[in-house]
Structures are given as C-alpha cells and as structure tokens.
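Chain residues, written in single-letter form:
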Amino acid sequence: MIEIATKFLETPIMNEYIERVVDLLDPSLNQIHNLSLDEARQRVLSGKPEAVREIDGSFALLAREGKTVRMARSMDRPMRYFLAKRAEGPALIVADRIDAIFNQLKAEGLHGQFHPSYTRMVPAHYVVEIQLIGCPDPDPTYTRYFMPQRNSLSTDLNDIGRRYIGALADEIAKWLKRMPSHEPIGVAFSGGIDSGAVFLVTYHVMRQFGLSPARLKAFTLNFGDGPDYQQAREFLGRLNLGLFLEPIEADLASLDIAETLRVMEDYKPLDVECASMGLALCRGIRARYPQWKYLVDGDGGDENLKDYPIEENPELTIRSVVNNLMLYQEGWGVGRIKHSLTYSGGLSRSYLRTYAPARHFGFAGFSPFTRPNVIEVAEGIPFTTLTDMSVEKLYALKGEIVSRGVKAVTGLDLPVFTKRRFQHGAVPVERLRQRTSGEESEYRKQFLSLYS
C-alpha cells in the first residue's frame with residue numbers, strides 16, 4: 001500500500017466544538033482533464049451539481065468551508081468516511097479504504113468507536129454534504145450531479161453503436177494523452193465484448209496518434225483449462241493481431257479468499273470471485289513486469305448495456321432493469337430501502353473488485369466504460385422499444401450495438417462470443433467453487449473477523 005501524507009484541517013472556536021477533518025485520500029490519483037485540482041475542489045465546495053458534472057476525469061474530492069464538508073467522486077474512485085466523536089468536537093476521517101480509516105482511529109486512540117459497518121461510502125454521481133456540528137450528528141444530504149436523459153436516442157443501431165463506441169474512444173484518447181509516451185499499456189483481456197472493444201479502440205486510437213502499438217499487450221488470465229484463453233486467441237487471430245496476446249498463467253491453488261476479502265473489503269460472492277481473479281492477474285503481471293504501471297479494462301460495459309442474467313437475481317425483472325435509471329451502476333439508489341450506506345450499490349459498490357486488486361499491486365487502472373459521457377449514451381438507448389420487453393432480445397442487443405460501433409469507429413470487425421463472467425472464463429465454475437465457499441454469510445463473517 002502506498003503511504004499517504006495525512007492532512008489535518010481544524011477550526012478552533014472559543015467555547016464551541018472544534019471540528020476536525022482528516023483527509024487520507026491520495027491526491028495523485030485524481031486524473032482530471034479540464035481543471036486544476038484546486039478548481040475541481042472549488043466546484044465540489046459549491047455544491048452545484050452542474051459544476052461538479054463538468055469535472056472531466058477520475059476523482060475523489062473533499063472540500064470544506066467552516067462546518068460544512070462536501071465530497072464527490074467518480075464511479076472508479078471508492079471514497080469512504082467515518083465520523084468519530086471526541087470531547088472537543090467531531091472528527092471526520094475520509095479515505096479510499098476501511099482499513100485506512102481504522103488505522104487512523106487506532107493511531108488516535110479512537111478505534112473503540114469503530115466497526116466496519118459504521119463507515120460510509122460516498123455514492124458515485126452524488127455530492128454528499130455533512131455538517132460538523134457535534135452530537136447528535138445530522139444525516140448527510142445527497143445531491144445528484146449526474147442525471148443522464150433516458151431514451152434520448154433513435155432506434156438506429158448503427159447510430160447508437162457509433163455514438164457509444166465514439167464516446168469510449170474519446171475517453172481512451174484523453175487517457176492516452178496524459179500518459180508518458182514510453183509507458184507500456186496492458187489490457188485485461190478475455191476476448192469478450194467489453195475487453196475486446198477496449199483493446200481494439202485503444203489499438204485504433206494509438207495508431208491515430210502515431211503511437212507505437214508495440215507498447216500494447218492483451219493480458220489473459222490462464223489457469224490451464226478456462227475458456228477465456230482459447231477465446232482470446234480466436235478473437236485476436238481473426239484480426240491477425242495474435243502477436244499482442246500474452247497469457248498470464250496462474251495456479252488455482254494460489255487463490256486465497258482471506259486475502260481477497262482483506263484487499264477488496266467486501267463480501268458479495270460474485271465480486272469476491274471476480275476480485276480473486278483480478279488479484280491473480282495483477283500478481284502475475286507484476287511478477288513478470290516489476291515496473292509496469294498502466295492497465296485498462298472493460299469493467300462497466302455489462303452495466304451500461306444491461307447485460308447481466310436477470311434470472312439469477314429474484315429481485316429483478318426485465319421491466320425493472322430497463323425502466324430504472326442506471327440500475328446496474330447505482331443499484332436501487334440513494335434514499336431507497338435497500339441502498340447500503342456502508343457500500344452504496346450497483347457498480348458504485350462492486351467496482352472495488354477492479355480497483356482494489358490493481359491498487360494492491362501498484363497499477364494505475366482505467367475503466368473507460370465507467371465514464372459519465374459513455375454512460376450517458378448508454379442511458380439514452382431506447383431499451384424498451386428495441387427489446388419489446390424480451391430478455392433474449394436484451395441479451396442480444398449488446399453485441400449488435402458494440403460490434404456496429406467498433407466497425408464504425410475503427411473499421412475493424414469485433415468478434416462476438418457468448419457472454420461469461422470474468423471468473424467463469426478464467427476457470428471452469430466447478431473448479432472455481434472447489435476453492436470458494438460461495439456463501440455470502442461466510443464471507444461477511446470472515447471479513448468482519450479482521451476487526452473483532
């Protein structure tokens with residue numbers, strides 16, 4: 001873990017509480033394309049949603065004026081906080097990880113107040129405002145800063161695909177422009193629709209910019225018998241791009257669920273499995289390339305085009321999936337009964353499966369499908385009209401949109417294969433379950449035991 005300097009902000013007032021803010025976020029992780037860090041913080045401080053929406057890039061920002069603290073983050077930057085009580089006044093501790101908050105409390109002798117469930121996640125796409133006025137602490141307020149218009153596009157799949165992949169290409173281009181020209185780039189690659197689109201668009205944009213494609217690699221996790229490696233070979237082989245494929249071999253016996261729970265700090269079984277694969281992939285890349293820094297992946301693509309098996313979740317119907325704004329990105333949403341204050345919901349919660357393994361091994365990760373400009377196009381798709389409320393049509397829609405978009409933007413033909421989750425493509429489900437219990441209650445118990 002990178003050691004981060006602690007910043008203290010205090011406001012002494014005679015005969016009143018002295019509130020304190022401890023900001024443990026690493027400012028170097030903010031990658032903002034159009035503003036300075038101070039300018040971005042001022043926009044968060046303003047609390048104006050339209051001002052925060054204009055922050056372009058990856059960010060987790062805290063701003064304070066007197067007793068008012070406002071926080072906001074992008075989808076790809078977990079941001080947690082804990083409000084501790086002191087005789088002299090409240091102390092707000094903000095970090096990207098639960099263990100960082102606990103360690104700060106322990107250093108100050110305040111850890112007796114701590115429980116992981118008492119921490120709070122800033123939900124993606126909201127400005128969270130807290131008033132540091134002492135006991136009793138008021139509830140935070142939430143102001144949405146990203147509100148894409150639903151059903152704003154036509155039913156022309158060629159136009160939808162061009163807009164969607166065009167927005168993806170724009171985000172990748174901005175990312176590449178910030179990167180040192182000598183740095184290699186790794187794509188977490190399965191040969192699926194999302195990682196395939198990211199690889200081909202990255203390859204295309206690099207060539208447009210006159211950058212050497214030799215910097216690019218497609219890293220595929222290979223346990224020896226998972227279907228993704230063969231799929232990745234076929235994908236790149238069809239395009240005569242097989243030289244970019246680099247398998248990362250791993251041993252299933254090396255999977256350690258206790259490590260995954262400690263690193264990810266969450267216990268949802270599918271995310272635990274996915275994060276375990278992420279740790280195996282990142283560990284293998286780091287062992288082979290000690291200096292490698294930049295990774296890009298397709299996380300967020302399934303959420304954008306609503307491509308998850310509805311039948312696996314008894315709470316969902318196709319009607320709820322297509323009619324709720326950003327359901328897979330945000331869950332049921334702030335203010336709803338099932339919204340978790342500790343974790344938030346949807347990808348706002350589960351992105352830890354991607355963020356935590358990359359950070360643990362010192363990589364700078366990038367998931368362009370999580371950017372608001374890309375999500376905005378996806379939310380504009382008239383899913384109800386295009387699917388006629390047919391689950392089969394919904395599942396087929398993603399391949400149609402993305403393949404048409406990749407063709408329009410890059411001129412390349414995207415191979416489309418049957419969808420699989422990352423963990424189930426890296427290793428057959430039966431073998432994976434030999435190493436995992438798959439029980440949420442057991443995972444939760446193991447995670448909470450870290451602080452018992």
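This is a predicted model, so every value here is computed, not measured. (Residues numbered from 1 in each chain as written. Predicted model: local features only at pLDDT ≥ 70, side-chain atom pairs only at ≥ 80, totals over all residues. Heavy atoms only, no water.)

Chemist: Quick question: what am I supposed to make of the environment of His360 here?
Modeler: As for its position among the elements, His360 is in helix 13 (residues 352-360). A sequence separation of 294 residues divides His360 from Gly66, and the C-alpha atoms of the two residues are 35 Å apart. In contact with His360, not counting residues within four places along its chain, are Glu259, Val263 and Leu279. (Helix = DSSP H or I, 4+ residues; strand = E, 2+ residues; numbered from the N terminus. Contact = heavy atoms within 4.5 Å.)

Chemist: For this particular structure, what's the right way to read the packing of helix 4 (residues 157-178) against helix 5 (residues 193-208)?
Modeler: Two quantities define a packed helix pair, namely the angle between the helix axes and the distance between the axes. Two numbers describe how helix 4 lies on helix 5: the axes approach to 9 Å, and their chain directions differ by 60 degrees. Here helix 4 is positioned oblique relative to helix 5, judged by the angle of their axes. The two elements helix 4 and helix 5 meet at a crossing, and its hand is right-handed. Facing Ile165, Leu168, Ala169, Ile172, Ala173 and Leu176 of helix 4, the residues of helix 5 in contact are Ala197, Val198, Val201, Thr202, Val205 and Met206. The residue inventory of the contact of helix 4 with helix 5, partitioned by class, reads 11 nonpolar, one polar and no charged. (Axes fitted to C-alpha atoms, helices over the stretch in contact; angles between N-to-C directions. Parallel < 35°, antiparallel > 145°, perpendicular 65-115°, else oblique. Left-handed = near helix turned anticlockwise from the far one by under 90°. Nonpolar A, V, L, I, M, F, W, Y, C, P; charged D, E, K, R; others polar.)

Chemist: Would you mind going over the state of the cysteines with me for this structure?
Modeler: Two cysteines whose sulfur atoms are joined by a covalent bond form what is called a disulfide. Overall, the coordinates contain zero disulfides when judged by the stated rule. Cys274 forms no disulfide, and the closest cysteine sulfur to it belongs to Cys282, at a distance of 11 Å. For Cys282, a relative accessible area of 6% translates into the label buried. (Disulfide = S-S within 2.5 Å. Buried < 20%, exposed > 50% of the residue type's maximum accessible area, 1.4 Å probe, protein only.)

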